[in-house]
Amino acid sequence: MGTRSGSVRQKRGASCFLLLFCCAFGALAFDLQGHRGARGDRPENTLAAFEHALEIGVNTLELDVAITADGVPVISHDPYLNPALTRDAQGQWLKARGPLIRSLTLAQLQVYDVGRADPASEVARQFPLQQARDGQRIPTLASLFQSVGATGTQQVRFNIETKIFPNQPADTATPDNFVDAVLAVVRAAGLTSRVTIQSFDWRTLRRLQQLEPRIATVYLTVELPQSNNVQDPAWTAGMFSKDYASTPHMVKASGGAVWSPHFATIDANKVRAAQQLGLKVIPWTVNEPADMERLIGWGIDGLISDYPARARDVMRRFGLPLPASSQR
Ligand code: G3P
Ligand code: CA
């Protein structure tokens, strides 16, 4: 057991380390993103989840978008109504995968309640702390912008994912129509300076760059044995990984500003190499404090978490600046 003076020396040493860390890694720019709002605490991708994330205090709201039959961008991870999350107008859980969002008008979509996970579902098991908010509807992207605007915050950013699947073209709008619809809503809200567009399907990022180069694009990757978008040119807008030195080189060549890899697929060397190319590295989806600590120690530029409050605790320990809470 150490002496008290030893403990003080240790604390001073830790402070020096944190100072050096902050200087070395540009701590002021650290980007805490609430995944699907704050999925660990509230039903995913609902206004209740986004509101909660703002109360906790995040830099960025991460969210997923689909396009309805009448061309309205709405916030949903799945291109169809997910039976684990969705009850019909009679309050009954959907018994199987529901209709595609692209087959429903916004008015038809609004009858469904997504404010509670089915207690029998894997989602409920995975997020036992999630508090239900009955009556929540699948929100439009415009309604999220409006709701955040009503809080008066001018700082929070939006990391909008185009949920589109090259191998399932019938499930969603086309890449062009998808991007056009999202961009129209972003522009109408006057939020081009506070938005990034992210996707595993790099076709939509290319389209966005052509239409609105001021909006930064975020290249999502997963490189696991069971799932790998980088190795499949259908996902990478026709790019072949064999033609590039590394995944970050592909992202850089594509004009990306941010590389967002699955957190378990990177190490300190990959983070450094990507940053040396001028990319920011913001991994998804980091929920365990030990993982957050390890990744922050590697100098990542931000992280995406279902549990932003946990991430804030870790950030505090590292001396990183904390985003403001809407409650304070
Ligand atoms: O932001 C990246 C992350 O959200 C991607 O995973 O499936 O939760 O949308 P997913
Ligand atoms: Ca997402």
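Every chain is numbered independently, its residues counted from 1 as its sequence is written. A letter from A marks each chain and a number from 1 marks each ligand, given out in the order of writing. pLDDT decides what is reported in this predicted model: residues at 70 or higher carry local features, side-chain atom pairs at 80 or more are listed and counted, and totals for whole chains, interfaces and linings draw on all residues regardless. Values reported for side chains reflect all heavy atoms of the structure, with hydrogen atoms and water molecules removed beforehand.

Participant: I'd like a rundown of the nonpolar core, residues and numbers included.
Facilitator: Take the buried residues of types Ala, Val, Leu, Ile, Met, Phe, Trp, Tyr and Cys, join any two whose side-chain atoms come within 4.5 Å, and each joined set is a nonpolar core. Between buried and exposed lies partly exposed: a residue is buried under 20% and exposed over 50% of the maximum accessible area for its type, with that area taken using a 1.4 Å probe on protein chains only. Ranked by internal contacts, the top residues of the largest apolar core, which has 59 residues, are Leu61, Leu63, Phe158 and Ile160. Comment: elements are numbered from the N terminus, with helices defined as DSSP H or I runs of at least four residues and strands as E runs of at least two. Tallying contributions element by element places helix H6 (residues 175-188) first for this core, with seven residues.

Participant: Could you give an account of the coordination of the calcium ion (ligand 2), naming the residues involved and the relevant values?
Facilitator: For Na, K and Ca the donor cut-off is 3.2 Å; for every other metal, N, O and S atoms count as donors within 2.8 Å. Water does not enter the count, which can leave sites looking incomplete. The calcium ion (ligand 2) binds to the protein through Glu62 (OE), Asp64 (OD) and Glu161 (OE); the donor distances cover 2.2 Å. Read in sequence order, the donor residues coordinating the calcium ion (ligand 2) give the pattern E-x1-D-x96-E. On the criterion of sequence distance, the pair formed by Glu62 in strand E2 (residues 60-67) and Glu161 in strand E4 (residues 157-162) is long-range, its members being 99 residues apart. Glu161 matches Glu62 in its accessibility class, with the two residues each being buried.

Participant: Account for the pairing of E4, naming residues and giving values.
Facilitator: Successive side chains on a regular strand alternate, one facing one side of the sheet and the next facing the other. Across the six residues that make up E4, a large majority, five, are buried. We call two strands paired when DSSP finds no fewer than two bridges between them. Summarising the sheet, E2 and E4 pair through six bridges and their orientation is parallel. Paired with Leu63 across the bridge in E4 is Ile160. In this sheet, strand E5 (residues 195-199) lies alongside E4 in parallel orientation, the contact comprising four bridges. The residue bridging Phe158 from the neighbouring strand is Val195, located in E5. Seen with the strands pointing away from the viewer, any crossover whose path from the first strand over the helix to the second strand runs clockwise is right-handed. Viewed along the sheet, the connection from E4 through H6 into E5 turns out right-handed.

Participant: So, the pairing of strand E1 (residues 31-34): which residues are in play, and what are the values?
Facilitator: Neither face of E1 is left uncovered, since the one carrying Asp31 and Gln33 and the one carrying Leu32 and Gly34 both have all their residues buried. Where E1 meets strand E11 (residues 302-305), four bridges bridge the pair, whose relative direction is parallel. Bridged to Gln33 within E11 is Ile304.

Participant: How would you summarise the site of ligand 1 if you had to cite specific residues and measurements?
Facilitator: Every residue close to ligand 1 is listed here: His35, Arg36, Glu62, Asp64, His77, Glu161, Lys163, Gln198, Phe200, Leu220, Trp284 and Ile304. Nitrogen and oxygen atoms within 3.5 Å of one another constitute a polar contact, given that in protein one can donate a hydrogen and the other can accept it, and given that sequence-neighbouring residues count only through two side-chain atoms. In the environment of ligand 1, an oxygen atom lies 2.9 Å from a nitrogen or oxygen atom belonging to the side chain of Glu62. Gln198 places a side-chain nitrogen or oxygen 2.8 Å from an oxygen atom of ligand 1. Residues are grouped as follows: Ala, Val, Leu, Ile, Met, Phe, Trp, Tyr, Cys and Pro are nonpolar; Asp, Glu, Lys and Arg are charged; all remaining types, including Gly, are polar. Tallied by class, residues from the shell around ligand 1 come to four nonpolar, three polar and five charged. The near set for a molecule or strand comprises every residue that places at least one heavy atom within 4 Å of it.

Participant: Account for the side chain of Ser254, with residues named and values stated.
Facilitator: Tracing the backbone shows Ser254 in helix H8 (residues 247-254). Of the residues examined, Ser254 reaches a relative accessible area of 15% and is grouped as buried. Among all residues touching Ser254, those that are not within four sequence positions of it are Trp202, Gln209, Tyr219 and Met239. Note on definitions: a residue-residue contact is assigned when non-hydrogen atoms from the two residues lie within 4.5 Å.

Participant: Residues and numbers for helix H7 (residues 202-211), please.
Facilitator: Turning to H7, its buried residues are Trp202, Thr204, Leu205, Arg207 and Leu208. In the core, the buried residues of H7 are packed alongside E4, H6, E5, strand E6 (216-221) and H8.

Participant: Go over the environment of Gly238 with me, naming the residues and quoting the values.
Facilitator: Note on placement: Gly238 falls in the loop between strand E8 (227-228) and H8. Of the residues examined, Gly238 reaches a relative accessible area of 41% and is grouped as partly exposed. Each C-alpha atom, one on Gly238 and one on Arg203, is 8.5 Å from the other, the two residues being 35 residues apart in sequence.

Participant: So what's going on with the side chain of Asp41? Residues and values would help.
Facilitator: With respect to the element layout, Asp41 can be found in the loop between E1 and helix H2 (47-56). Comment: no salt bridge for buried Asp41; closest opposite-charge side chain is Arg42, at 5.6 Å. Setting aside chain neighbours within four positions, we find Asp41 in contact with His52, Ile56, Leu129, Gln130, Gln131, Asp306 and Tyr307. When charges are tallied, Lys and Arg are placed among the positive residues and Asp and Glu among the negative ones, while His and the ends of the chain are skipped. Counted as salt bridges are all cases of a side-chain nitrogen of Lys or Arg within 4 Å of a carboxyl oxygen of Asp or Glu.

Participant: Tell me what's going on with the pattern of salt bridges, and back it up with residues and numbers.
Facilitator: Within the structure shown, the criterion is met by 19 salt bridges. In this structure, the salt-bridge partner of Arg39 is Asp306, at a minimum N-O distance of 3.0 Å. Of this pair, Arg39 sits in the loop between E1 and H2 while Asp306 sits in the loop between E11 and helix H11 (308-317), and the two are 267 residues apart along the sequence. Residue classification places Arg39 among the buried positions, given a relative accessible area of 10%.

Participant: Could you give me a rundown of unusual backbone geometry, with the residues and numbers involved?
Facilitator: Despite not being glycine, Arg36 shows a phi value in the positive range, around 50°. By relative accessible area, which is 9% here, Arg36 ends up buried. A positive phi angle, close to 55°, is found at Ala237, a residue other than glycine.

Participant: Talk me through the packing of aromatic side chains; I want residue IDs and the actual numbers.
Facilitator: By convention, a stacked pair of Phe, Tyr or Trp rings (six-membered ring in the case of Trp) has centres within 6.5 Å and planes under 30 degrees apart, an edge-to-face pair has planes over 60 apart, and any other such pair is tilted. If you walk through the whole model with that rule in mind, you get five aromatic pairs. Seen in terms of ring centroids, Phe127 and Tyr307 are 6.4 Å apart; in terms of plane orientation they differ by 40°. Their pairing is tilted. Highlighted residues: Phe127 in the loop between helix H4 (122-126) and helix H5 (141-151) and Tyr307 in the loop between E11 and H11, separated in sequence by 180 residues. Assessed through its relative accessible area of 4%, Phe127 is described here as buried. According to the relative accessible area criterion, Tyr307 is buried, its value standing at 8%. Taking the centre distance of 5.4 Å and the plane angle of 85° together, the rings of Phe200 and Trp284 count as edge-to-face. A residue pair is termed long-range when its members are at least 10 positions apart, and Phe200 in the loop between E5 and H7 and Trp284 in the loop between strand E10 (280-281) and helix H10 (289-297) qualify at 84 residues. Of the two residues, Phe200 and Trp284, neither departs from the other in class, the shared state being buried. Taking the ring centre of Trp93 as reference, the NZ or CZ of Arg87 above it sits at 4.9 Å. Whether a charge sits over a ring depends on NZ of Lys or CZ of Arg being within 6 Å of the ring centre and within 35 degrees of the ring normal.

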